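Summary of structural features
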Amino acid sequence: MQTVKQIASALGVGPDVIRYYTDIGLLRPAVGAQNGYRYYDPHDALRTADARVMRSLGFPLARVKVLSGAPCAEQLAALKDREKDVEEQLRELSLRLERLREVESFLARSALCTGTVEDVARPPIHSLYTYGREKDYRAARRLAAAWMKHLPYTHISVKVPREELNDPGFGGPYSVELGVGATDGFAKRLGLDLSPPVESIPAGRFLIEYLRTPDILSISPADLAPMLSLSRRLGRPFLNHSSGRLLAIEDGPQGPVYSILIRARIG
């Protein structure tokens, strides 16, 4: 028979662990008739060690108490259920790692925010705009609340109207709208509602300009001159509103500076 400190030392745990296991009824030590001390035998040590194994596998202590001493079949079933939970966590972590690397790649592109323009093929993208113009955003905002629960798999989206992009006489600033966006891959994985007012842009050929601005809502044709010039040289009008994206926010001497990309599908 051993005291709390002796059995705790033998098992490599703190005395508080032994006391707590005793208080919740997981251990049932003998109590000295004369001094009231608790004394533990090898069965208590083994039960404690077994409980620590189950705790290390992620079982809450209340569940460990139920399983302690239960039939092997019941313990095996519990382990199989826990295995399924861990597999689901691994899938979630794998997806989160994929998204983390994607966000890293977009942040690295902030180095291109000097008017760089790309001519690339891209998959579909979906956006839900909730702020900017004088319009009724109530329906969009209700849906956006559901989308934002899926962070980090959604992003901040930036819209410039197609009509304004295609108008060579437009002086600006553009009627920019901001909202939440999702790539087609993540939208499908997450089962996002893509019905209106969601704006979906199909796969195709896109021009992408990277730029920095102190005011996203005041972007003008002068800011997008490299992209507009390339569109006209190619003779390819813009087919959809832009589906831009916020890349980064940095504090500058006069306030925040936004690194963004403006992505628009061309014919």
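Residues numbered from 1 in each chain as written. Predicted model: local features only at pLDDT ≥ 70, side-chain atom pairs only at ≥ 80, totals over all residues. Heavy atoms only, no water.

Per an unreviewed UniProt entry, the protein carries the name MerR family transcriptional regulator and comes from Mesosutterella faecium.

Within the protein one finds nine helices and 10 strands. Here the C-alpha atoms of the protein give a radius of gyration of 30 Å, more than 25% beyond the 18 Å that 2.2 N^0.38 yields for 267 residues. Judged by the C-alpha coordinates and their principal axes, the protein covers about 100 × 45 × 35 Å. Put simply, of all contacts in the protein between residues at least 6 apart along the chain, 71% involve residues at least 24 apart. By element, 55% of the accessible surface of the protein is carried by carbon and sulfur atoms, the whole surface being about 14,900 Å². Charged side chains of the protein number 36 positive and 31 negative; the gap between the two group centres comes to 2 Å. (Helix = DSSP H or I, 4+ residues; strand = E, 2+ residues; numbered from the N terminus. Rg over C-alpha atoms; globule rule 2.2 N^0.38 Å. Contact = heavy atoms within 4.5 Å. Areas by Shrake-Rupley, 256 points an atom, 1.4 Å probe, with all protein chains shown as cover. Lys, Arg positive; Asp, Glu negative; His and termini not counted. Charge placed at Lys NZ, Arg CZ, Asp CG, Glu CD.)

Our focus in this paragraph is the packing of aromatic side chains. Here the structure, examined in full by the defined rule, presents two aromatic pairs. Plain terms: the ring middles of Tyr-153 and Phe-186 are 5.4 Å apart, the flat faces sit at 35° to each other, and that makes the pair tilted. Remark: Phe-186 occurs in helix H8 (residues 184-190) and Tyr-153 occurs in the loop between helix H6 (138-148) and strand S5 (155-159); sequence separation between them is 33 residues. With respect to burial, Tyr-153 and Phe-186 carry one shared label: buried. Consider the rings of Phe-170 and Tyr-174, whose centres lie 5.3 Å apart with planes at 5°: the pair is stacked. Look at Phe-170 and you get partly exposed, because its relative accessible area is 22%. Among the residues examined, Tyr-174 registers a relative accessible area of 4% and is labelled buried. (Phe/Tyr/Trp six-rings, centres within 6.5 Å; stacked < 30°, edge-to-face > 60°. Buried < 20%, exposed > 50% of the residue type's maximum accessible area, 1.4 Å probe, protein only.)

Further remarks concern the pairing of strand S8 (residues 204-213). A large share of S8 lies buried, amounting to seven of its 10 residues. In this sheet, S8 lies alongside strand S3 (residues 117-122) in antiparallel orientation, the contact comprising six bridges. Bridge pairing links Arg-122 to Gly-204 in S8. Of the strand pairs in this sheet, S8 and strand S10 (residues 255-265) are connected by eight bridges, and their pairing is antiparallel. Paired with Ile-208 across the strands is Arg-263, a residue of S10. (Pairing = 2+ DSSP bridges.)

Below, the discussion takes up helix H2 (residues 15-23). Regarding H2, the residues found buried are Val-17, Ile-18, Tyr-21 and Thr-22. The arc that holds the buried residues of H2, viewed along the axis, is 135°, so those residues lie on one side. Opposite its buried face, H2 presents the exposed residues Asp-16 and Asp-23, each directed more than 90 degrees away. Elements in contact with the buried residues of H2: helix H1 (4-11), strand S2 (38-39), helix H3 (42-56) and helix H4 (61-67). (Arc of directions from axis to C-beta.)

What follows covers the confidence of the model for the protein. The predicted model of the protein averages 95 in pLDDT, with 100% of residues at 70 or higher. Mean pLDDT across the elements of the protein ranges from a minimum in S2, with 91, to a maximum in S8, with 98. (pLDDT = per-residue confidence, 0-100.)

The next point concerns the pattern of salt bridges. All chains considered together, the criterion is met by 14 salt bridges. A salt bridge links Asp-23 to Arg-38; its shortest N-O distance comes to 3.4 Å. On the criterion of sequence distance, the pair formed by Asp-23 in helix H2 and Arg-38 in strand S2 is long-range, its members being 15 residues apart. The shortest N-O distance in the salt bridge between Glu-92 and Arg-96 comes to 3.3 Å. Linking Glu-92 with Arg-96, this pair stays in helix H5 (residues 72-108), spanning four residues, or about one helical turn. Assessed through its relative accessible area of 40%, Arg-96 is described here as partly exposed. What you see here is one network of salt bridges that share partners, running through Lys-135, Lys-159, Glu-177 and Glu-199. (Salt bridge = Lys/Arg side-chain N within 4 Å of Asp/Glu carboxyl O.)

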